[in-house]
Amino acid sequence: MFKKLLLVFIFLGLFLLHPKVVSAEKSYYFPTVDIQIKINKDASVDVVEERQFSFSGSFTRVYWDIPLKNSQRLENIRFFEKTDFGTKEYQQISGPSTARPVYSFASNRNRETQHIEAYHSSNNITKTFLLSYHLIGAINKYQDIGEFYWQIIGSGWDTRTNQVRAVIILPQDATNKSELYVWGHGPFNGTSKIIDSHTFQFDVANLPAKQLVEIRTVFPTSLIVGPSLPKNGLSKIQQEEDGFRQQTILKQSLLLLAMIVIILFAIGWVIFWIIIWWKKGKEYSVIDVLKYVHFPPNKRPPALVEALLSQDQVISSNSFSATLLDLARRKYIKIEAQEHYAQGILGIGGKKEYDYILHLQKASINNLLDYEQELIYFVFGKGTSLNSVSLKELTTGMKTSPSETKRFWEKWTKQIKDQADQKDFVEEESKKWRKRFVTGNVILIILIAVGLVFITQAWGAIFHAIIFPAVFGGFFFHWLGRFLLRWNQDQAIEARQWLGFKNFLNDFSHFKNELPQALIIWEEMLVYGTALGVAK
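Residues numbered from 1 in each chain as written. Predicted model: local features only at pLDDT ≥ 70, side-chain atom pairs only at ≥ 80, totals over all residues. Heavy atoms only, no water.

Enquirer: Report on the overall build of the chain, specifying residues and quantitative values.
Expert: A count of helical and extended segments in the chain gives 12 helices and 19 strands. Contacts spanning at least 24 positions in sequence make up 71% of the contacts within the chain whose residues lie at least 6 apart. (Helix = DSSP H or I, 4+ residues; strand = E, 2+ residues; numbered from the N terminus. Contact = heavy atoms within 4.5 Å.)

Enquirer: Talk me through the nonpolar core; I want residue IDs and the actual numbers.
Expert: Counting 49 residues, the largest nonpolar core has Trp64, Phe148 and Ile152 as the members making the most contacts within it. Of the residues forming this core, the biggest block, five residues, is contributed by strand β1 (residues 27-39). Leaving out residues up to four positions away in the same chain, Ile152 has contacts with Ile35, Ile37, Glu49, Ala166, Phe202, Val213, Glu214 and Ile215. Among the nonpolar cores identified, the runner-up in size contains 42 residues, and Val293, Leu324, Tyr332 and Leu358 belong to it. (Core = buried A, V, L, I, M, F, W, Y, C linked by side-chain atoms within 4.5 Å. Buried < 20%, exposed > 50% of the residue type's maximum accessible area, 1.4 Å probe, protein only.)

Enquirer: Outline the confidence of the model for the chain, supporting the account with residue identities and numerical values.
Expert: Residues with a pLDDT of 70 or more make up 89% of the chain, whose mean pLDDT is 87. Within the model, pLDDT remains below 50 along residues 1-24, and this stretch shows 25 contacts once partners closer than five positions in the same chain are excluded. Counting interchain partners and residues more than four positions distant, the pLDDT-below-50 stretch residues 517-521 has 10 contacts. (pLDDT = per-residue confidence, 0-100.)

Enquirer: Would you mind going over the packing of aromatic side chains in detail, with residue names and values included?
Expert: Enumeration according to the criterion identifies 40 aromatic pairs in this entry. Taking 6.0 Å as the distance between ring centres and 40 degrees as the angle between the ring planes, the aromatic pair formed by Phe476 and Trp479 counts as tilted. With Phe476 and Trp479 both in helix α9 (residues 462-480) and three residues apart, the pair spans about one turn of that helix. Taken together, the ring pairs in this structure connect Tyr28, Phe30, Phe53, Phe55, Phe59, Trp64, Phe79, Tyr90, Tyr103, Phe105, Phe129 and Trp157 into an aromatic cluster. Positioned above the aromatic ring of Trp157 is the side chain of Arg51, whose terminal nitrogen or guanidinium carbon lies 4.0 Å from the ring centre. Seen from the ring of Tyr103, Lys88 lies directly overhead, with NZ or CZ sitting 5.2 Å from the centre. (Phe/Tyr/Trp six-rings, centres within 6.5 Å; stacked < 30°, edge-to-face > 60°. Lys NZ or Arg CZ within 6 Å of the ring centre and 35° of its normal.)

Enquirer: Help me get a handle on the pairing of strand β14 (residues 191-196), residues and values and all.
Expert: The sheet contact formed by β14 and strand β15 (residues 199-207) spans five bridges and is antiparallel. Bridging from a neighbouring strand, Ile194 pairs with Phe200 of β15. Taken together, β14 and the strand that follows it, β15, pair antiparallel across an intervening segment of two residues. (Pairing = 2+ DSSP bridges.)

Enquirer: I'd like a description of the sheet that holds strand β6 (residues 91-92), backed by residues and values.
Expert: Read from one edge to the other, the open sheet built from four strands follows the order β3-β8-β7-β6, with strand pairing classed as mixed. Strands with a single pairing partner mark the edges of an open sheet, and in this sheet they are β3 (58-67) and β6.

Enquirer: Which residues make up the sheet that holds strand β11 (residues 145-153), and what values do they have?
Expert: With antiparallel pairing, four strands are arranged side by side in an open sheet as β10-β11-β16-β13. Every interior strand has two partners, whereas the edge strands, β10 (139-141) and β13 (181-185), have only one. Geometrically, the sheet is characterised by an average inter-axis angle of 15 degrees between neighbouring strands, direction not taken into account. Where β10 and β11 come together, three bridges link them in antiparallel fashion. Residue pairing for β11: Lys141 is matched across the bridge by Gly146. (Axes fitted to C-alpha atoms, helices over the stretch in contact; angles between N-to-C directions.)

Enquirer: Any chance you could break down the pattern of salt bridges for me, citing the residues and the numbers?
Expert: Across all of its chains, the model carries 23 salt bridges by this definition. Glu428 serves as the salt-bridge partner of Lys431, at 4.0 Å between the closest nitrogen and oxygen. Of this pair, Lys431 and Glu428 are both found in helix α8 (residues 428-456), three residues apart, which corresponds to roughly one turn of the helix. Among the charged side chains, a salt-bridge network with shared partners connects Glu147, Arg216, Glu240 and Glu241. (Salt bridge = Lys/Arg side-chain N within 4 Å of Asp/Glu carboxyl O.)

Enquirer: Describe the environment of Glu429, with residues and values.
Expert: Among the structural elements, Glu429 can be located in helix α8. Remark: the alpha-carbon pair of Glu429 and Arg486, spanning 57 residues in sequence, is separated by 8.9 Å. The residues touching Glu429, leaving out its near neighbours within four places in the chain, are Lys280 and Arg436.

Enquirer: Could you give me a rundown of unusual backbone geometry, with the residues and numbers involved?
Expert: If you check the backbone angles, Arg100 has positive phi at about 50 degrees while not being a glycine. Positionally, Arg100 belongs in the loop between β6 and β7 (104-110). The phi dihedral of Asn206 is positive, around 55 degrees, even though this residue is not glycine. Within the secondary structure, Asn206 sits in strand β15.

Enquirer: Pulling in residues and values, what's your account of empty space enclosed by the protein?
Expert: The full count for this structure, using the stated rule, is two cavities of 30 Å³ or more. One number sums up the size of the largest cavity: a volume of about 50 Å³. In terms of lining, the largest cavity is formed by Ala307, Gln311, Gln313, Ala420, Asp421, Asp424, Phe425, Val426 and Lys431. For the lining of the largest cavity, the class distribution of residues is four nonpolar, two polar and three charged. Approximately 40 Å³ is the volume found for the second largest cavity. Forming the boundary of the second largest cavity are Arg51, Ile153, Gly154, Trp157, Thr159, Thr161, Leu207, Pro208, Ala209, Lys210 and Gln211. The class makeup of the residues in the lining of the second largest cavity is five nonpolar, four polar and two charged. (1 Å grid on protein atoms, 1.4 Å probe; cavity = no way out; pocket = protein on both sides within 12 Å on 5 of 7 lines; lining within 4 Å. Points joined across faces, edges and corners; volume = space filled by probe spheres on them. Nonpolar A, V, L, I, M, F, W, Y, C, P; charged D, E, K, R; others polar.)

Dropping the structure here:
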């Protein structure tokens, strides 16, 4: 059940990753954003935002949603694109268009949002667009100070920004620089500073998606004209900013505490599984087993030897070949090698080659294991005669009937695994702990992914935050969890002996490329060498 569920998740993950399902091939981000804000004497504001887009894929529209209060409005909205030949101004149209005419833009007010969208043609390119407008009603003039409080980056951008810089310029120099104040809100790594007596600057790098940025400046009320509110504002603003600062300190402290808890938990989690491995997965110590074993430890069928050594019962094509050789050694089949001379090009490069033909020698195969019988039925079912099949016929038949071959392979490997399960090569308790390891770690990374979605408020990614960790985490931790599998104590001795025999074949034998007819000489050596991946 566990393996079937894992395969379902893997299939679902591959489906979700298909380009027709996930449009990962089309994306964009902002290398730089530069915003110039000029406060005018009449308390109006001129804004020029220069935003660089890096497009991967084809795009035809960009848009802004600028939040406004009822008392605020935008005037003289203009849109430009920087080109190699200068700056191209877009023409304003009456409203948004589904036709998306290139080099045009539209702007409309929807309650408390000014929506601006521009139409272009971009494909795998980096472009710079400029949006400028005249802002009315954004300055608060108190009895003691003037205040400009503005959201320079909204929370609607669904991609990252590498570098943001905003510069605010006052109408004229302040008499005393100590009368100037500036604060930035949003990311922890943002920095705000007073450049000189009439300039503020805010910088932030690596701004994540959907992260808003606000800037608040305070300056002498004498720098602007117009009616004033009948109250002072500095004390209240300073109290608000002190509250924001305390909130930021608290958030940073909680973040630091969370990081410490996560690190301690991660260390504890690793230590926990090391302890479990030590108790449940560490192989039993085996004495008196030499590094080199000169002969096969026993007569175990070669496919089951591979199942034993893999612990995870991974059956490869080595078992297929080794089982055929073993059946030939036991006289159930005969391997005939027909020698012929292959002509080279223009008589050059000719060499001796062999055509191999398998002959079924014993009429009764009922005393063979299930998977051995299944192999004989499959192999000789590819031949043109009843009891013979050439290697060429076999390989051609397997290639031309891939569905049948796949069904055979699944059934055949399952029969071997069922045989291996009956032998109890691996301790059942270690198998259970491997499943717990996979389940626990998959749940853990899903919780981490969902937590990151919660922190970043990227709710659109919640589905992927669950499915992707489940799919790839399940696959990865199922593979990694093999370290918890442990041979039964009796099988541990046999496994070490087989590994010693493999060492001997690797280091001292010279039949890695021996032909099948060498079976007459090598007998079991070639059979088990093939199963162990030494002979090819």
